[in-house]
Amino acid sequence: MTLNRQTGVRVNELLCPACKSKGRASAERWQCGSCEADFRFRVLCDVCDGEVDRIRACGGFEEYYCNSCRVPKSKFKVIFEFTD
């Protein structure tokens, strides 16, 4: 199993671990728009490494919440993890 982590970017700016092209996330999967590689996709807390909940609101607002730490998380602080 290959593990790749990215941080400091928005979901729509994530790059494919295989070819470095942009793709798209849906639920727990992420697919590359170029090479069509398919990965399991998780969003993790930068402090405790636990999975976080995605909070979306109108106007494009997107943040995350860690249930373990019980604090909101910036989209630039969370860790995006890909596994194949």
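Refer to the structure presented above.
The structure reproduced in this document is the subject of the present report. Since this is a predicted model, take the numbers as computed values, not measurements. (Residues numbered from 1 in each chain as written. Predicted model: local features only at pLDDT ≥ 70, side-chain atom pairs only at ≥ 80, totals over all residues. Heavy atoms only, no water.)

## Let's talk about the pattern of salt bridges
Applying the stated rule across the entire model yields seven salt bridges. Among the salt bridges present, the one from Glu-81 reaches Arg-42, with a minimum N-O distance of 2.9 Å. Taken together, the residues Glu-81 in strand E8 (residues 79-83) and Arg-42 in strand E4 (residues 38-44) connect sequence positions 39 residues apart. The exposure class assigned to Glu-81 is buried, which follows from its relative accessible area of 6%. Among the charged side chains, a salt-bridge network with shared partners connects Arg-5, Arg-42, Asp-49, Glu-51 and Glu-81. (Salt bridge = Lys/Arg side-chain N within 4 Å of Asp/Glu carboxyl O. Helix = DSSP H or I, 4+ residues; strand = E, 2+ residues; numbered from the N terminus. Buried < 20%, exposed > 50% of the residue type's maximum accessible area, 1.4 Å probe, protein only.)

## Digging into the sheet that holds strand E5 (residues 52-56)
Here we have three strands laid out as an open sheet, ordered E5-E6-E7, and antiparallel in their pairing. Because the sheet does not close on itself, it has two edges, and the strands there are E5 and strand E7 (71-73). For this sheet the average axis-to-axis angle between neighbouring strands, irrespective of direction, equals 35 degrees. Taken together, the three bridges between strand E6 (residues 62-66) and E7 define a ladder with antiparallel strand orientation. Looking across to E7, one finds that Tyr-64 is bridged to Lys-73. (Pairing = 2+ DSSP bridges. Axes fitted to C-alpha atoms, helices over the stretch in contact; angles between N-to-C directions.)

## Regarding the environment of Phe-41
Position of Phe-41 relative to the elements: it lies in strand E4. You can call Phe-41 buried: its relative accessible area is 7%. Along the primary structure Phe-41 and Asp-84 are separated by 43 residues, whereas in three dimensions their C-alpha atoms are 9.0 Å apart. Ignoring sequence-local partners within four residues, the contact set of Phe-41 consists of Leu-14, Ala-25, Ala-27, Glu-28, Arg-29, Trp-30, Phe-80, Glu-81 and Phe-82. (Contact = heavy atoms within 4.5 Å.)

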